[in-house]
Amino acid sequence: MKFFVDTADVDAIKELNDLGMVDGVTTNPSLILKAGRDITEVTREICELVDGPVSAEVVAEKAEDMIREGKILAKIADNIAVKVPLTWDGLKACRALSDEGHMVNVTLCFSPAQAILAAKAGATFISPFIGRLDDIHLDGIDLIADIREIYDNYGYETQILAASIRTVNHIIEVGKIGTDVITAPPAVIKSMVKHVLTDKGLEQFNADWAKTGQKIG
Ligand code: E4P
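How each quantity is defined
Residues numbered from 1 in each chain as written. Predicted model: local features only at pLDDT ≥ 70, side-chain atom pairs only at ≥ 80, totals over all residues. Heavy atoms only, no water. Helix = DSSP H or I, 4+ residues; strand = E, 2+ residues; numbered from the N terminus. Buried < 20%, exposed > 50% of the residue type's maximum accessible area, 1.4 Å probe, protein only. Polar contact = N/O pair within 3.5 Å; in protein donor to acceptor, adjacent residues only side chain to side chain. Near = heavy atom within 4 Å. Areas by Shrake-Rupley, 256 points an atom, 1.4 Å probe, with all protein chains shown as cover. Nonpolar A, V, L, I, M, F, W, Y, C, P; charged D, E, K, R; others polar. Contact = heavy atoms within 4.5 Å. UniProt positions renumbered as here; feature names shortened; annotations may be inferred. Axes fitted to C-alpha atoms, helices over the stretch in contact; angles between N-to-C directions. Parallel < 35°, antiparallel > 145°, perpendicular 65-115°, else oblique.

## Some thoughts on the environment of D139
Along the chain, D139 turns up in the loop between α7 (130-135) and α8 (140-154). In this structure D139 comes out as partly exposed when scored by relative accessible area, which is 40%. Sequence separation between D139 and V58 is 81 residues; the distance between their C-alpha atoms is 28 Å. A polar contact of 2.9 Å, which involves the side chain of D139, links it to the backbone nitrogen of I141.

Written out as structure tokens, the structure reads:
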């Protein structure tokens, strides 16, 4: 399972990247706002840090404008994946940018039908949003399973990038289905380490060690 980090917080990316846990990064306009940084500047910094794909999102609504913005973003670094929304214009931009050799991440996917269109339009990544479906009481995990089945039936090469991940359980469930990539906030990735029995076991070992009166080294 490839790990992308869903943030524009350079320090948070660096911490995980230093552990070899970062296969790529995803950003969006809301994450750029949260980082409080200039999009070009922060994206360049992330691209210098991380070897894998770094998604940077267009904000235009018309295909020709998305293509223009996508080309500007792609100039930031070789590892930019241009992120376009799952609209008809977004699919046109996906086809054009992909035909020119750019990686394209089609975002805001909420149905298998949309995912089929993105694959047909040459998307490198499709980003189905799990958490936002859960928010409206639909099953985001089912969406990943449906897309996996359809893509495998036809050998589509578009990679499934499970997005809008809010919990460790989301990561485990999409891993069982066989998502290609997950993108999650750093805090969710770091919370994967937690287990109550690990804490309890460590507490017991520390207490017993203190009773031995020994020191290592
Ligand atoms: C994906 O690329 C998006 O940036 C992200 O996963 C959205 O997550 P959210 O629904 O928690 O905002």
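## Structural notes on the site of the ligand
Looking at the ligand, the residues that line it are D6, T26, N28, K83, F129, R132, A163, S164 and R166. Between the ligand and K83 there is a distance of 2.7 Å, counted from an oxygen atom to a side-chain nitrogen or oxygen. R132 places a polar side-chain atom, nitrogen or oxygen, 2.6 Å from an oxygen atom of the ligand. In the complex, the protein chains occlude 86% of the 340 Å² of accessible area that the ligand would expose alone. For the shell around the ligand, the residue count by class is 2 nonpolar, 3 polar and 4 charged.

## Re the environment of T179
If you trace the backbone, T179 turns up in the loop between α9 (168-177) and β8 (181-184). When residues no more than four places from it in sequence are discounted, the contact partners of T179 are I144, R148, I160, L161, A162 and V174.

## Description of the environment of A121
Its location among the elements puts A121 in the loop between α6 (112-120) and β6 (125-128). Residues A121 and R95 lie 26 residues apart in sequence; the distance between their C-alpha atoms is 4.9 Å. Those residues within four positions of A121 in sequence are excluded, and the remaining contacts are L91, C94, R95 and S98.

## So, the UniProt feature "active site" (unreviewed entry) in the protein
Cross-referencing UniProt, the feature "active site" (unreviewed entry) maps to K83 in the present numbering. Tracing the backbone shows K83 in strand β4 (residues 80-85). In contact with K83, not counting residues within four places along its chain, are T26, T27, N28, S55, A56, E57, V58, N105 and T107.

## Points about unusual backbone geometry
One non-glycine residue, L108, lies in positive phi territory at about 60°. Within the secondary structure layout, L108 lies in strand β5 (residues 103-109). A relative accessible area of 31% means that L108 is categorised as partly exposed. Its identity is not glycine, yet H137 carries a phi of approximately 65°, on the positive side. Among the secondary structure elements, H137 is positioned in the loop between α7 and α8.

## Notes on the packing of helix α1 (residues 10-18) against helix α3 (residues 39-49)
In contact at an axis separation of 11 Å, α1 and α3 are set at 5° when each is read in the N-to-C sense. Between α1 and α3, the interaxial angle falls into the category roughly parallel. Contacts between α1 and α3 involve V10, I13, K14 and N17 from the former and V42, E45, I46 and L49 from the latter. Classifying every residue of the contact of α1 with α3 gives 5 nonpolar, 1 polar and 2 charged.

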